[in-house]
Amino acid sequence: MIKKRTHSIYTKTKLLFSTFLSLSLVLSLIPAGQVFASANQLFVTPSSSQMNKGTTFCLDIKSYADTDESSGTANGSLTYPSSKLQVTSILTNGNKCQGSTSSHYGNPSINQQTGKITFTASRNPAPSGIAQIMAVKFKATGAGNAIVGFTDDSRVNSTTTTYNSGVYTINDPSPPPTPNPSPSPSPSPSPSPNPSPSPAPVPIISKPDSSTDTNNNSSETEPAVTTPDPTGLIDEVTIDTSYTTAVITWNVNGKNGASTLKYGTDAINLNSSAKVTKKLNVFSVTIQDLEPGKQYYFTISGKSGEKDGEYSSIVYTQGYPVLLKITENNVPAANAKVSIGNINRAADTDGKLALSLSEGDYSGTITTDTSTLNINLTVSSKNIPSDDESPETQSFSYNLSSSILEQGPGSGVSVLAFIGILALGTVVLGIGFFGYISYRRRRFETSDVSVQSSSAPSVIVDDGYDWHQHETKTTSPPPETTTPPPPAPSPEPPTHNNSVYIDDEEPEDMFDKANKPVENTEIKPKATEPPKAPAEQNKSSSNDDTDSGITISH
């Protein structure tokens, strides 16, 4: 009974410990969740422009804060191609490209390098909305597309930030120089009796074979998004966009110039027009009621005298702010690669990626070094607030899974926790085992003491077997005598073998008997005694009762 109860207690303890160990292991694999902040913005305005080489233009560098802060900050780096742009001046303290603004960062710390402008700005208090960081004047020094943007470590209020870069097309209007042909040497006239002068040879200008041009990279050229005016009549095109509007300005080089603008969502079918205003030779148009995150094609036509020109490009409106929160094993997936349509970006070190997208359904993939996840998201239409404010940020969370063996994010912590819990469980299990052994030992010792301390008369069942007749004799056997054959046995009275008697002397244990030394191992058969008469048997039984105790007969 005690053994069964002890086994039951041990089984319950083992089950409880196993449950505790499993629960601890599961909890160790789930790290604490993290709080993600809303996305802020850094942007360049105007976001696109077209100009000729040698033109000087100005860009405003601004920030957008989603929430109010007691102390606002803006820090990072503005990058530009030094082979195409040259910085001529930097304006701060609220000065912008045209006029000034009351919401600004004062005089930020600026470090100018080749191709990069590093800034650190702060303001106190820092209300939400748009604030001017600085204005940068550039000079176009090389032809091609120049992209002005921000480095990945740029932040507003030290939180996740969306970057809106600018793309600027620089044209080189000067034609390539025409090579001067070198005249072929005049052949020496052959002697003749009457030499006549040979006609002067016509110079031949050879054209290079395009098939042998080792610098031909036409297959790698990106499709042009802007078609400048080849006549040079229309230039200095500037585009400034928001979520629903676009402001486009341009110059018409000529007296009494005129110009129109058409736009639409299809480059072939420009079915909308906008009212154009003119101030001297500068033309301007404001397009309204556009959709956030969409692209619109437009064409500008100009005329001055007998000269006509045409310029085409694209307007990109700002999309709805979208924030992707990416984790792997519930740990931020640093530098996770995101591919959505033609967007290929990497998350920051906190596993967050801010995008600007139009309304609609999207699908893509998120990839880390140890896992890949197919994603789907739907960007909804949000209310566009008044100027200098952004619509609500739409957040999407994705958690990738990878095993501990793949050493994904969080696996190191899980392995250490698993090893710690395993070691702790081994110690607890060992203590429980030794405790159980000690408990069992004490139980057995207590049981032995109680048995030894108890005393009770021996109860022997007489089955007719006499232990005294089989005791080993230690003395020398008597000399052999010839025993006459016994007389025929007389009928014996029936005996009762179920008699019970109490003997003061306990029979010798067979194991103790076997351990006693025996001097003479030869055992002589005992002479058979002649059977006794019934009277003698009764007398013997009476003597046995007197010597050994009380006999109870049935």
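Scroll up to find the structure.
Given the structure is predicted, the values throughout are model-derived calculations rather than measurements.

Caption draft 1: A look at the environment of Ser-272. One can find Ser-272 in strand E16 (residues 272-273). It is 5.6 Å that separates the C-alpha atoms of Ser-272 and Lys-262, two residues lying 10 residues apart in sequence. One polar contact links Ser-272 to Asn-271, side chain to side chain, over a distance of 3.4 Å.

Caption draft 2: A look at the state of the cysteines. Applying the stated criterion across every chain, the model contains one disulfide. The residue that forms a disulfide with Cys-58 is Cys-97, at a sulfur-sulfur distance of 2.0 Å. Disulfide Cys-58-Cys-97: the torsion about the S-S bond is -85 degrees, which places it as left-handed. Of this pair, Cys-58 sits in strand E3 (residues 56-65) while Cys-97 sits in the loop between strand E5 (85-91) and strand E6 (109-113), and the two are 39 residues apart along the sequence. Given a relative accessible area of 19%, Cys-58 falls into the buried group.

Caption draft 3: Examining the sheet that holds E5 more closely. Spatial ordering of the open sheet is given by E5-E8-E3-E1-E11, a layout of five strands whose pairing is mixed. Edge positions in the sheet fall to E5 and strand E11 (161-164), since each of these pairs with one other strand and no more. Neighbour to neighbour, the strand axes of the sheet diverge by 25 degrees on average, direction disregarded. Sheet topology note: the E3/strand E8 (residues 129-140) ladder contains 10 bridges and is antiparallel. Paired with Lys-62 across the strands is Gln-132, a residue of E8.

Caption draft 4: Spotlight on the pattern of salt bridges. For the structure shown, the criterion picks out four salt bridges. In this structure, Asp-308 and Lys-303 form a salt bridge, with 3.2 Å as the shortest nitrogen-oxygen distance. With a shortest N-O distance of 3.8 Å, Lys-382 and Glu-392 are connected by a salt bridge. Of this pair, Lys-382 sits in the loop between strand E27 (372-379) and strand E28 (394-400) while Glu-392 sits in the loop between E27 and E28, placing them 10 residues apart in sequence. The class of Glu-392 is exposed, set by a relative accessible area of 53%.

Cut-offs used in this document
- Residues numbered from 1 in each chain as written.
- Predicted model: local features only at pLDDT ≥ 70, side-chain atom pairs only at ≥ 80, totals over all residues.
- Heavy atoms only, no water.
- Helix = DSSP H or I, 4+ residues; strand = E, 2+ residues; numbered from the N terminus.
- Polar contact = N/O pair within 3.5 Å; in protein donor to acceptor, adjacent residues only side chain to side chain.
- Disulfide = S-S within 2.5 Å.
- Buried < 20%, exposed > 50% of the residue type's maximum accessible area, 1.4 Å probe, protein only.
- Pairing = 2+ DSSP bridges.
- Axes fitted to C-alpha atoms, helices over the stretch in contact; angles between N-to-C directions.
- Salt bridge = Lys/Arg side-chain N within 4 Å of Asp/Glu carboxyl O.

Honestly, that's just the spatial picture; any functional story needs more than this.
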